[in-house]
Amino acid sequence: MSDKTSSRPRGAIAIMTSGGDAPGMNACLRGCVRTALEANYRVFAIYEGYQGLIAGNIGELKWDNVANIIHLGGTVIGTARSSEFRERSGRLQAAYNLLKHQIDKLVVIGGDGSLSGAEALREEFPGLVDELAAAGRIPPETARKFRNLSVAGAIGSIDNDMIDSEVTIGADSALHRIVEALDAITSTAYSHQRTFIIEVMGRNCGHLALMAALASGASGCFIPEAPPEEDWADQLQKNILDGAAAGRRVNLIIVAEGARDRKNNKLDARIIKDALAERSIDSRITILGHVQRGGVPSAYDRCMSTLFGMEAFNILARGGDTSSIACLQQNRITATGLTSAVAKTRAAGQALAAGDHQTAAMARGDEWLRMVNIQKTLMRISPPGEEPGKKRPRIGVVTAGRAAAGVNSAVRTIIRMGMASGAEVLCIEEGPVGLLENKMHLAHWMEPELWNAFGGSRLGAGRYTPRRGDMARIAANFRQWQLDGLILIGDWGGYRLMNKLLSSKRYHKEFNIPMIAIPASINNDLPGSEYSIGCDTALNNIVDAVDKIRNSTDTAKRTYVVEVMGRYSGYLACCAALASGAEYCYTPEKPVSLDDLRHDVQELTAAFRLENRHTGLIIRNENAHKDYTTNFIASLFEAEGGSEFDVRKAVLGPLQQGGVPSPIDRIQAVRFGYFAVRNLAEAIAMGIRGSYFIGCEKGELFMQKWENLHKYPDPWQHFGGKRWWQDYEKAIHKLAINPQVRQKYPKG
Ligand code: ADP
């Protein structure tokens, strides 16, 4: 369809990807391009990074040019490194090519190098314009009108190394690749009782290595920000030998590519292997290399990159004469100064190069440092020495409700960090049934060694809510085991169990101990927490299934209606729709009316008629509407879509729940588990007997009294307030249907 707009364009922007490619760059490109077209800008792609900018490899983009790319890895507009652009002469030619198309707004998706390049061009631009005008290469009017270049960045870097942003485009997908590889290596290593040294990317930043170690349960981790002790090789040897004696069959040693020792000498897989060989330990090396950069973007990367792309355009649209980048702070998309962000990132790199790892580590923040220390404890083969004569508190851990992926990492952390704090950890098997039937045992350190990669709950969970008559038996079991505190990990079923225990306090003093609940539900519907363990795995399962469903279309024009879980929370539906470029998303929070459906089917039919499109996608939460069911919607679109498309429906069902936990779920589970066990140990030590739930707001964990749970929006009160992700819901439809079609079908 023609992209001629009724009014004159408001300006022209160019967008490029540069430096190392990263999965999610295409989603970012789509988000940025379509937001700019919506705002009536002309949009140009610069192909092959700065090299293409100097060569004049620039072409206008229309709505359709960024269709069907959200799920692709790499970058469809190409990227390159350019030494010419580092010279003023190269940038002069770059400025000339931009001015030829009357472009004075530039979006760069790239790492700190690419963003520095953009800043250099912006700073010099007025001078370059003067020079081009003086040489007669551009008309004086162009020189007058386009004197300044505005620059916005989106951080494309699998290394997650930008200090001012909690995440960068591609880092989560790279972690997916690494963790998949580590899971695969684990099974062969287990069979042969082998030690593997795995080198991962990350340049100057240890993020990928650290997170991969936490997610996989590695027994060694070398990162630039925390160099090992001088006798690291002896310590590693001891850890491997003691581990073997304790029954450990797998040793994964993760090395970041920028790792160094305390004398600032490079440490790599070969050096570690040789050091182990000198100590009679055989090991194998796997260098993951470019596998980490490639492949499909994860669901998280698709969502975040889309939002980063939109924000990058918004930065330019807001105006101002300094350059900014789209970033994530406190789990919210925002903008920050490009120069200062790059300067801080560079300073961390320079500190490392100079052997000052502490400055680099501090720059990564407190939470990151905490994770470094947690990893150090988790990879031990036994708890640190006990204090003789000190009474050991006993902490129970139970998983209840429907088990969500990642729960095992939480339990593993609770067992090890609990034991490391001097406590005994009592594992309650089979959830509520285990409480009732006294199926419990004291954990030993090596028990959860390889649990991270398993879905479900290794302890066993269950949705049984004990009856009043059961409580005396449960109390007797608490008494027999002399429990001092309890951590419950669960969904609504688990939270109901917690309620039951607490409401029985006045009859059974055994329940008068501190208790802490950790949210774990694929639906992400528990009050008080923006995140619950398992929802990221479910989201990836959905997005993966939708990719397959969409790819099943050959020549037919087809619309898919996909029903996803979520109970009364639209979180999964909304994020899945954003990540897969769906046209419509129906959630319980915003009940769809018949008028809405009528509008949507007319609009989609027009989109098929006017655009060159082959598929349409509707994501519907399982409880989006009592009467407008998935069947109803599929029949309606089939009947009203006429000859433009046919309709298939897919109810994804339990596949959303199963599977190997995603890196995010494993890492967050470690955070939640540690937070719970640390607070519980403190409460026990201080004689506090309250009950609490853990929540997560703007990325921060907090603990709240259980009595306050009802103050937070919950699904049955219809949320009583806006959920954080609802801000992003608007983007779904806006990015999927051409504004010219939308203008013809204004929403009533
Ligand atoms: P990344 O963007 O992934 O960090 P690089 O550091 O290789 O990748 O940078 C990509 C490109 O950005 C370089 O090839 C170069 O053209 C340009 N660039 C990087 N730094 C500068 C700079 N200081 N001045 C001008 N251009 C730069």
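Along each chain, numbering runs from 1 in the same order as the chain's sequence is written. The predicted origin of the model limits local features to residues at a pLDDT of at least 70 and limits the giving and counting of side-chain atom pairs to 80 or more, whereas totals for whole chains, interfaces and linings rest on all residues. To get the side-chain values, all heavy atoms of the structure are used, and hydrogens and water are removed first.

Engineer: Describe the nonpolar core, with residues and values.
Structural biologist: By size, the foremost hydrophobic cluster in this structure holds 149 residues, and its most contacted members are Phe308, Ile489, Val562 and Ile619. Residues count as neighbours in contact if any of their non-hydrogen atoms are within 4.5 Å of one another. In this structure, isoleucine 619 is in contact with Val546, Val562, Val564, Ala573, Ala576, Ala577, Ser580, Ala582, Tyr584, Cys585 and Tyr586, ignoring residues within four places of it in sequence. We call a set of buried Ala, Val, Leu, Ile, Met, Phe, Trp, Tyr and Cys residues a nonpolar core when their side-chain atoms join them within 4.5 Å. Burial status follows relative accessibility: with a 1.4 Å probe on protein chains alone, a residue under 20% of its type maximum counts as buried, one over 50% as exposed, and anything between as partly exposed. Ile46, Ile103, Ile138 and Ala143 belong to the second-largest nonpolar core, a separate cluster that totals 37 residues.

Engineer: Help me get a handle on the pattern of salt bridges, residues and values and all.
Structural biologist: The term salt bridge refers to a pairing of a side-chain nitrogen on Lys or Arg with a carboxyl oxygen on Asp or Glu at a separation within 4 Å. Scanning the entire structure with this criterion turns up 44 salt bridges. The residue arginine 346 makes a salt bridge to aspartate 112 at a minimum N-O spacing of 3.4 Å. With arginine 346 in helix α11 (residues 338–353) and aspartate 112 in helix α4 (residues 112–134), this pair connects stretches of sequence that are 234 residues apart. A relative accessible area of 34% means that arginine 346 is categorised as partly exposed. By the criteria applied, helices consist of DSSP H or I runs no shorter than four residues and strands consist of E runs no shorter than two, each listed in order from the N terminus.

Engineer: An account of the site of the ligand is needed here, citing residue identities and associated values.
Structural biologist: Of all residues adjacent to the ligand, which total 16 residues, the nearest are Arg81, Ser82, Gly111, Gly113 and Ser114. Any pair of N or O atoms that falls within 3.5 Å is considered a polar contact. Within protein, one atom must be able to donate a hydrogen and the other to accept it, and sequence-neighbouring residues count only if both atoms are side-chain atoms. At a separation of 2.5 Å, an oxygen atom of the ligand approaches a polar side-chain atom of arginine 81. Aspartate 112 places a side-chain nitrogen or oxygen 3.3 Å from an oxygen atom of the ligand. Areas reported here follow the Shrake-Rupley algorithm with a probe of radius 1.4 Å; residue values treat only the protein chains shown as occluding. Relative to its unbound accessible area of 550 Å², the ligand is 85% covered by the protein chains. The leading source of residues in the shell around the ligand is α4, at five residues. In this classification, Asp, Glu, Lys and Arg are treated as charged, Ala, Val, Leu, Ile, Met, Phe, Trp, Tyr, Cys and Pro as nonpolar, and every other residue, Gly included, as polar. Grouping the constituent residues of the shell around the ligand by class yields two nonpolar, nine polar and five charged. In these notes, residues near a molecule or strand are those with any non-hydrogen atom within 4 Å of it.

Engineer: Summarise unusual backbone geometry; cite the residues concerned and give the values.
Structural biologist: Positive phi outside glycine occurs at glutamine 193, with the angle close to 50°. Tracing the sequence through the fold places glutamine 193 in the loop between α6 (171–192) and β6 (195–200). Although it is not a glycine, asparagine 524 adopts a positive phi angle of roughly 50°. Along the chain, asparagine 524 falls in the loop between β16 (515–519) and α18 (535–551).

Engineer: Could you give an account of the domain arrangement of the protein, naming the residues involved and the relevant values?
Structural biologist: When cut into domains, the protein gives domain 1 (3–168 + 297–329), domain 2 (171–292), domain 3 (394–532 + 661–711) and domain 4 (537–659 + 726–744). One C-alpha centre belongs to domain 2, the other to domain 3; they are set 31 Å apart. Buried surface at the junction of domain 2 and domain 3, both sides included, amounts to about 1,200 Å², of which 65% is carbon and sulfur. A quick way to say it: buried area is the sum, across both parts, of accessible area lost when two parts are put together, with a 1.4 Å probe. On the domain 2 side of the contact with domain 3, Leu214, Ala215 and Arg248 bury the most area, a combined 35% of that side's loss. Viewed at the interface, domain 3 and domain 2 are joined by two salt bridges. Here arginine 248 makes a salt bridge to glutamate 449, at a shortest N to O gap of 2.8 Å. At the junction of domain 2 and domain 3, the tally comes to five residue pairs in polar contact (both at pLDDT 80 or more). Start and end positions for the domains come from either an automated domain assignment or a database one.

Engineer: Can you lay out the sheet that holds strand β4 (residues 105–110) for me, pointing to particular residues and giving the numbers?
Structural biologist: At least two DSSP bridges between two strands are required for those strands to pair. An order of β3-β2-β1-β4-β5-β10-β11 is seen for the seven strands of this open sheet, with the pairing classed as mixed. Sheet topology places β3 (58–61) and β11 (332–337) at the edges, where each strand pairs with a single neighbour. Neighbour-to-neighbour, the strand axes of the sheet open up by a mean angle of 30°, direction not taken into account. Pairing between β4 and strand β5 (residues 150–155): six bridges, direction parallel. Directly across from valine 107, in β5, lies its bridge partner alanine 152. Helix-sheet contacts for helix α1 (residues 25–38) involve β1 (12–17), β2 (42–46), β3, β4 and β5, and the interaxial angle to β1 is about 180°. Against the sheet, helix α10 (residues 299–318) touches β1, β4, β5, β10 (324–329) and β11, its axis set at about 140° to β10. The axes are straight lines fitted to the C-alpha atoms, using for helices just the contacting stretch, and the angles between their N-to-C directions are given from 0 to 180°.

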